[in-house]
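Given next are the chains, with one letter for each unit.
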Amino acid sequence: MSDTTMTTCPCGSGKSYEECCAPYHREERWPEDPLTMLRTRYCAYAVGAWDYLERTAWQEEGEEAITASMLEERASGLDWRRLAILGSGRDEEEGCEYVDYVADYIVDGVARELAEHAYFRPVEGRLYYTGGIPLAREPIRRESPKVGRNDPCPCGSGKKYKKCCGKNA
């Protein structure tokens, strides 16, 4: 695990790592709500607390076991940058709590993001991460119609767009 004793916690709380997520990673505390569970799990990826990630993921019997070494291998080369919580609540259809989030990271010098609708269930008195589905992000939509090269310039000059405002575009 990296030296994070004096730095701000990667989860975005604004607290130091030692007063925020470290007690969870050291098994001194267990998250009591989905937001805390999500933040501590994100932070575990950022600082390399692989055992914590293994402990807090519920695995059904018959599923392939997800181990700390497997998680470490999958996250190799990822540089986690920021966590943004989009919303949370109760998913009545699934019968559990959820948190929608976006986690930004860099891999091979390219910025990426992981957006998920994450599920959390209490099992035997403890809350666990039980999986998630990718969030469908809305595409960016243009507010005004696209101006073609040969259309009249929207500035009102009477010239074609390509000879006016589009000249340097």
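Note that this is a predicted model, so its numbers are computed, not measured.

1. Looking at a positive patch on the surface
Here is step 1 of the chain: A cluster of basic residues, R149, K159, K160, K163 and K167, forms a positive patch at the surface.
Here is step 2 of the chain: Within the fold, K163 resides in the segment after β4 (126-134).
Here is step 3 of the chain: We classify K163 as exposed; its relative accessible area is 56%.

2. Points about the pattern of salt bridges
Here is step 1 of the chain: Applying the stated criterion to the full structure yields eight salt bridges.
Here is step 2 of the chain: Between D104 and R82 there is a salt bridge; the shortest N-O distance is 3.1 Å. Separated by 22 residues along the polypeptide, D104 in strand β2 (residues 96-107) and R82 in strand β1 (residues 78-91) bring together distant segments of the chain.
Here is step 3 of the chain: Across the pair R90 and E92 runs a salt bridge, and its minimum N-O distance is 3.6 Å.
Here is step 4 of the chain: Of the residues examined, R90 reaches a relative accessible area of 43% and is grouped as partly exposed.
Here is step 5 of the chain: Sharing partners across several salt bridges, the network here consists of E18, R26 and E28.

3. As for the confidence of the model for the protein
Here is step 1 of the chain: Scored by pLDDT, the protein has a mean of 91; 96% of the residues are at 70 or more.
Here is step 2 of the chain: The lowest-confidence element of the protein is helix α4 (residues 68-74), averaging 94 in pLDDT; the highest-confidence one is helix α1 (residues 22-25), averaging 98.

4. Concerning the sheet that holds β2
Here is step 1 of the chain: With respect to topology, four strands assemble into an open sheet ordered β1-β2-β3-β4, the strand pairing being antiparallel. The sheet is open, and its two borders are formed by β1 and β4, each paired with just one other strand. For this sheet, the mean angle separating the axes of adjacent strands, direction not counted, is 30°.
Here is step 2 of the chain: Alignment of strand β3 (residues 110-123) against β4, held across eight bridges, turns out to be antiparallel. Residue pairing across strands places F120 opposite Y129, the latter belonging to β4.
Here is step 3 of the chain: Helix-sheet contacts for helix α2 (residues 34-47) involve β1, β2, β3 and β4, and the interaxial angle to β1 is about 165°.

Rules used throughout
- Residues numbered from 1 in each chain as written.
- Predicted model: local features only at pLDDT ≥ 70, side-chain atom pairs only at ≥ 80, totals over all residues.
- Heavy atoms only, no water.
- Patch = residues over 30% accessible without salt bridge, like charges linked within 9 Å, V, L, I, M, F, W, Y side chains within 5 Å.
- Areas by Shrake-Rupley, 256 points an atom, 1.4 Å probe, with all protein chains shown as cover.
- Salt bridge = Lys/Arg side-chain N within 4 Å of Asp/Glu carboxyl O.
- Lys, Arg positive; Asp, Glu negative; His and termini not counted.
- Charge placed at Lys NZ, Arg CZ, Asp CG, Glu CD.
- Helix = DSSP H or I, 4+ residues; strand = E, 2+ residues; numbered from the N terminus.
- Buried < 20%, exposed > 50% of the residue type's maximum accessible area, 1.4 Å probe, protein only.
- pLDDT = per-residue confidence, 0-100.
- Pairing = 2+ DSSP bridges.
- Axes fitted to C-alpha atoms, helices over the stretch in contact; angles between N-to-C directions.
- Contact = heavy atoms within 4.5 Å.

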